[in-house]
Amino acid sequence: MSTRRTRPAPRPPEGTPPRTELARQARTVLADAVRIAHWAAGAPAPGSAAPLATQALQRAATALELSPAQVRAGWDRARLAGLIELHGDTARPGWRLRAWDRDDSAVLRGWVALFDAWSLVHAAPEGIEAGAVAEAVEAVPQVLSLLQLSAGPVAVPALLDLLAQRIAELQEERCEVPYGAGRSAAESAPATTGRPVPAPDRSAGLDALLLDWALEGLAAVGALTLGKGHATLTPLGNWAVWVKLEQICVAAQSPAGNIEQSAADMLLGCARLTPGPARAEYRAWLAARTVGSAVAELLAVARGEDALLRGLAFEALRVVGAPAEPEVRAVVTNPSLRPYALLWLAEYEGADPDDAQEILSREEATWLWVDTAAAVADHGETGLLVRHLDSAVQGTVPALLDEVRAVGHPRTVQVLVALAAAHPDPALAKAVRRAAFQVHTGGA
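Residues numbered from 1 in each chain as written. Predicted model: local features only at pLDDT ≥ 70, side-chain atom pairs only at ≥ 80, totals over all residues. Heavy atoms only, no water.

Participant: I'd like to hear about the pairing of strand β5 (residues 230–233), residue by residue, with values.
Facilitator: Bridging between strand β3 (residues 154–155) and β5 involves two bridges; their strand directions are antiparallel. Pairing of A155 across the sheet is with H230, part of β5. Taken together, the four bridges between strand β4 (residues 224–227) and β5 define a ladder with antiparallel strand orientation. Counted as the bridge partner of L224 is L233 from β5. As consecutive antiparallel partners, β4 and β5 are separated by two residues, and within that stretch G229 has a phi angle of approximately 80°, a positive value. (Pairing = 2+ DSSP bridges. Helix = DSSP H or I, 4+ residues; strand = E, 2+ residues; numbered from the N terminus.)

Written out as structure tokens, the structure reads:
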């Protein structure tokens, strides 16, 4: 186990500024949004009204020496970047605002959230059908990929050609008639090369208008700069596109598609997988994150109330291997995590998984039995809960019930009630129900 290796962190393209510099640039892009968010947090009645309300808008403009239009734009950016959170009609400072001055990762994640929302920052031209706008938004990542691969200015005509081709491909995949009237059957058919041919009237007019809108929107969030007839990614934009391309490459290793999920959702997505595919999912999920943050997130899930996720979190930590050892060793003193951590450490140090159970004390083994039963009761089948009786270290059901009552697991009552309802033997079910009642009432 000590020889396991994690996927090395991918290196950004040569010339990419360090994260501290990227974060500085992101702070510059979002400077007005941060000022407005701080103003809202410190307003006389913080969170009672959004600055977009007329009176609050004027107060913010006066206090910050910005125009009402700048306040409105900054407020939208603050919301999209997670600097402000809306809870119904109430606005509150987001966690990123509190971490803004000290956490570069929070800053970059906030800017990437704004980058992803570029089409909301810059309103689409009026009079264009929503479907055409949606197709352009879906095609823009390919345009960004060309800009990133070119590592320099790209002429607008080349970007326009790529955008039109990608939109035509999307329409062909969906078997849709392209926007724009008067198109013949011959024009609609793919060329002999297999490349879709966009409608002439669209590529000359609508696509050009949509490309201008997309480039202006991406420039508005600091992802690129516009010159005379060309566009160039900024360092921030270049880094963001590279990160997203890396995520796509890693996601290709994730057959079940859990790569972008939180730890809890990823583990739930793996719950019904067999061990091999589950480990492949864990590896793909881990590869997209730093080891430290992934281990911390898995242990946070393990500390929660869902016993199934607790067990699965330690399965994922087995895939991490050596880098997780200090953190796992540190939770041995946590009663709810101790049995899992002891088993993890025993296997890490070379014990056979079938023999590792022997390192647990009788009390720890009983606690683990109840926790596993809770997972089965919450997520498994009735028959599985009945069969779980056979895995108890106690030789008889009365002995098991005595020790289960004494171990103090918070889910003891629910487990015993579920077991009593599931067991086909009326006498045994009655004994289990009696034990559940005694634990519930505090009796002996």
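Participant: Would you mind going over the packing of aromatic side chains in detail, with residue names and values included?
Facilitator: Taken as a whole and judged by the stated rule, the model has four aromatic pairs. Note on W111 and F115: the rings are 5.3 Å apart at their centroids and 10° apart in plane angle, and the pair reads as stacked. Of the two residues, W111 and F115 both sit in helix α6 (residues 104–116), four residues apart, roughly one turn of that helix. Across the pair, exposure class does not vary: W111 and F115 are buried alike. (Phe/Tyr/Trp six-rings, centres within 6.5 Å; stacked < 30°, edge-to-face > 60°. Buried < 20%, exposed > 50% of the residue type's maximum accessible area, 1.4 Å probe, protein only.)

Participant: I'd love a proper account of helix α16 (residues 307–320), names of residues and values included.
Facilitator: With 14 residues, α16 should cover 20 Å at 1.5 Å per step; its first-to-last C-alpha distance of 20 Å lies within 8% of that length. Burial of α16 is extensive: twelve of the 14 residues sit out of reach of the surface. Restricting attention to buried positions, one finds in α16 the residues A307, L308, L309, R310, L312, A313, F314, A316, L317, R318, V319 and V320. Those residues of α16 that are buried lie in contact with α13 (263–270), α14 (275–287), α15 (291–302), α17 (325–330), α18 (338–348) and α20 (362–379). At the N-terminal end of α16, a side-chain oxygen is found 2.9 Å from the backbone nitrogen of L308, two or three residues along, and the residue is D306. Positive backbone phi, approximately 75°, marks G321, located one or two places after α16. (Expected span 1.5 Å × (residues − 1). Contact = heavy atoms within 4.5 Å. Polar contact = N/O pair within 3.5 Å; in protein donor to acceptor, adjacent residues only side chain to side chain.)

Participant: Requested: an account of the packing of helix α1 (residues 19–29) against α6, with residues and values cited.
Facilitator: Two elements in contact, α1 and α6, have axes whose closest approach is 9 Å; the angle formed by their N-to-C orientations is 55°. Relative to α6, α1 is oriented oblique. Considering the relative orientation of α1 and α6, their crossing is left-handed. Residues R19, T20, L22, A23, A26, R27 and V29 of α1 form the contact with α6, whose participating residues are D104, S105, V107, L108, W111 and L114. Counted by class, the contact of α1 with α6 contains eight nonpolar, two polar and three charged residues. (Axes fitted to C-alpha atoms, helices over the stretch in contact; angles between N-to-C directions. Parallel < 35°, antiparallel > 145°, perpendicular 65-115°, else oblique. Left-handed = near helix turned anticlockwise from the far one by under 90°. Nonpolar A, V, L, I, M, F, W, Y, C, P; charged D, E, K, R; others polar.)

Participant: Provide a residue-level description of the packing of α13 against α16, including the pertinent values.
Facilitator: Where α13 contacts α16, the axes come no closer than 10 Å and their chain directions differ by 90°. The pairing of α13 with α16 is recorded here as roughly perpendicular in orientation. The segment α13 lies against α16, with A264, L267 and L268 engaging L308, L309, L312, A313 and A316. For the contact of α13 with α16, a count of residues per class yields eight nonpolar, no polar and no charged.

Participant: Tell me about a negative patch on the surface, and please be specific about residues and values.
Facilitator: A cluster of acidic residues, D352, D354, D355 and E358, forms a negative patch on the protein surface. By the secondary structure assignment, D354 is in helix α19 (residues 353–356). A residue is classified by how much of its surface remains accessible, and D354, at 67% relative accessible area, is exposed. (Patch = residues over 30% accessible without salt bridge, like charges linked within 9 Å, V, L, I, M, F, W, Y side chains within 5 Å. Areas by Shrake-Rupley, 256 points an atom, 1.4 Å probe, with all protein chains shown as cover. Salt bridge = Lys/Arg side-chain N within 4 Å of Asp/Glu carboxyl O. Lys, Arg positive; Asp, Glu negative; His and termini not counted. Charge placed at Lys NZ, Arg CZ, Asp CG, Glu CD.)

Participant: Account for unusual backbone geometry, naming residues and giving values.
Facilitator: Its identity as a non-glycine residue notwithstanding, E65 has a phi of 55°, on the positive side. Counting through the fold element by element, E65 comes out in the loop between α3 (54–64) and α4 (68–80). Even without being a glycine, A151 presents a positive backbone phi close to 55°. Here A151 lies in the loop between α8 (130–150) and β3.

Participant: Give me the lowdown on the sheet that holds β5, citing residues and values where you can.
Facilitator: Taken together, three strands build an open sheet; the order of strands is β3-β5-β4 and the sheet is antiparallel. Looking at which strands have only one partner, the edges of the open sheet turn out to be β3 and β4. Helix-sheet contacts for α8 involve β3, β4 and β5, and the interaxial angle to β5 is about 75°.

Participant: Please provide a residue-by-residue account of the environment of A60, values included.
Facilitator: Turning to its location among the elements, A60 is positioned in helix α3. On the basis of relative accessibility, which here comes to 0%, the residue A60 falls in the buried class. For the pair A60 and I36, spaced 24 residues apart in sequence, the C-alpha separation works out to 7.3 Å. Once residues within four sequence positions are removed from consideration, A60 is found in contact with W39, E65 and V71.

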